[in-house]
Amino acid sequence: MIDSHAHYLDTAFDADRDTLLRSLAGSGVECVVEAGTDEESSLAARELAHEYENVYFAAGLHPEYAEKHGDIPAWLPGLLMDGKCVAVGEIGLDHHYDTPSREVQRRAFALQLELARSSGKPVVVHDREAHAECMELVKAFPTVRGVFHSFSGSAETARELVKLGWYISFSGVITFKNAVKTVQAAESVPLERILTETDCPYLAPHPFRGKRNDSTLVKYIIEKLAQIKGAAYEDIERVTAQNARVFYGIA
Ligand SMILES: [Zn+2]
């Protein structure tokens, strides 16, 4: 299995990061994609990816860190040239807190979509309570492909993304008892467009909700998808891992 979105640089892993990353292969986790959220974490994600063979990374400016009157961050294009950089991300819109302002977030998102277009990299989108606005910007860049990570939109939005050639990534949220909408979204998209992720240390799946998450718990998401799709665990594991390899261009 592949963890298509993680944050191993989080301080939650300070005590055992090295041991954990080295143990993943033995737990059936083929590789992980560390997602940057600003300059510091994107540069550190590159370091992590160079230290561990099973770590790849995405570099970008998360909406929370979007800068007022920002241009394309000067540090970003160079990072995208790195052999282990597999995407621009995570980028997007977060209307939960609305800081920085929607206008500032929107500008940063559009600039980075443009960078994805010119560099040919896929994007990893963070969409929190901004489904319509994210879709509008995605459609403005028809040659860019990407994934909506920890998908929280409707089945309709999921189907629309699939039609545009995009992927949908499900996190531990899909295992939560109140995840009716997320389950419906998974039901309505073809397995060939589904990725699995932890977003660790956050979003640990049931029955670990609230605890520290790590990539070994991707198996609970695969289990849930197998139940939703009426398919064997092994088939979901094989297909979602292959999807992640194709999407990120991992050999
Ligand atoms: Zn994330």
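The shown structure was predicted, so the numbers you read here are calculated from the model rather than taken from an experiment.

S.K.: Lay out helix 6 (residues 155-163) in plain terms, naming residues and giving numbers.
M.R.: Buried within helix 6 are the following residues: A155, T157, A158, L161 and V162. Buried residues along helix 6 cover an arc of 160° about the axis, so they all sit on one side. For helix 6, the exposed residues lying more than 90 degrees away from the buried face are E156 and K163. Once helix 6 ends, the next one or two residues include G165, with phi positive near 90°.

S.K.: So what's going on with the coordination of the zinc ion? Which residues, and what values?
M.R.: Every protein donor of the zinc ion is listed here as H5 (NE2), H7 (NE2), E90 (OE) and D199 (OD), and their distances to the metal cover 2.1 to 2.4 Å. Written as a sequence motif, the donor residues of the zinc ion are H-x1-H-x82-E-x108-D. Note that H7 is positioned in the loop between strand 1 (2-6) and helix 1 (17-23) and E90 in strand 4 (residues 85-94), a separation of 83 residues in sequence. As far as burial versus exposure is concerned, H7 and E90 are alike and both buried.

S.K.: Could you give me a rundown of unusual backbone geometry, with the residues and numbers involved?
M.R.: Cis geometry is adopted by the peptide bond preceding P201, which originates at C200 and carries an omega value of 15°. Mapped onto the fold, P201 is located in the loop between strand 8 (194-196) and helix 8 (218-229). Of note, the bond from H206 into P207 is cis; its omega dihedral lies within 30 degrees of zero at 5°. Considering the arrangement of structural elements, one finds P207 in the loop between strand 8 and helix 8.

S.K.: Could you give me a rundown of the sheet that holds strand 2 (residues 31-35), with the residues and numbers involved?
M.R.: What the 8 strands build is an open sheet, ordered 1-2-3-4-5-6-7-8; its pairing is parallel. The open sheet terminates on both sides in strands that have one partner only, identified here as strand 1 and strand 8. If you compare each strand with its neighbour and ignore which way they point, the axes differ by 30° on average. Running at roughly 160° to strand 3 (residues 55-59), helix 2 (residues 39-51) makes contact with strand 2 and strand 3 of the sheet.

S.K.: Mind laying out empty space enclosed by the protein, listing which residues take part and the relevant values?
M.R.: As enumerated under the stated definition, the model contains 2 cavities of 30 Å³ or more in all. The space that makes up the largest cavity amounts to roughly 70 Å³. Forming the boundary of the largest cavity are L61, A66, E67, G70, D71, I72, P73, V104, R107, A108, L111 and Q112. Each residue belonging to the lining of the largest cavity can be placed in one class, and the counts come to 7 nonpolar, 2 polar and 3 charged.

S.K.: Explain the pairing of strand 5 (residues 123-128) residue by residue, including any values.
M.R.: Of all 6 residues in strand 5, 5 are buried; the element is thus mostly enclosed. Looking at chain direction, strand 5 and strand 6 (residues 146-148) are connected through 3 bridges and run parallel. By the bridge assignment for strand 6, V125 is matched with F148. Crossover strand 5 to strand 6 through helix 5 (residues 131-139) is right-handed.

What counts and how
- Residues numbered from 1 in each chain as written.
- Predicted model: local features only at pLDDT ≥ 70, side-chain atom pairs only at ≥ 80, totals over all residues.
- Heavy atoms only, no water.
- Buried < 20%, exposed > 50% of the residue type's maximum accessible area, 1.4 Å probe, protein only.
- Helix = DSSP H or I, 4+ residues; strand = E, 2+ residues; numbered from the N terminus.
- Arc of directions from axis to C-beta.
- Donors = N, O, S within 2.8 Å, 3.2 Å for Na, K, Ca; no water.
- Pairing = 2+ DSSP bridges.
- Axes fitted to C-alpha atoms, helices over the stretch in contact; angles between N-to-C directions.
- Contact = heavy atoms within 4.5 Å.
- 1 Å grid on protein atoms, 1.4 Å probe; cavity = no way out; pocket = protein on both sides within 12 Å on 5 of 7 lines; lining within 4 Å.
- Points joined across faces, edges and corners; volume = space filled by probe spheres on them.
- Nonpolar A, V, L, I, M, F, W, Y, C, P; charged D, E, K, R; others polar.
- Right-handed = clockwise from strand over helix to strand, strands pointing away.

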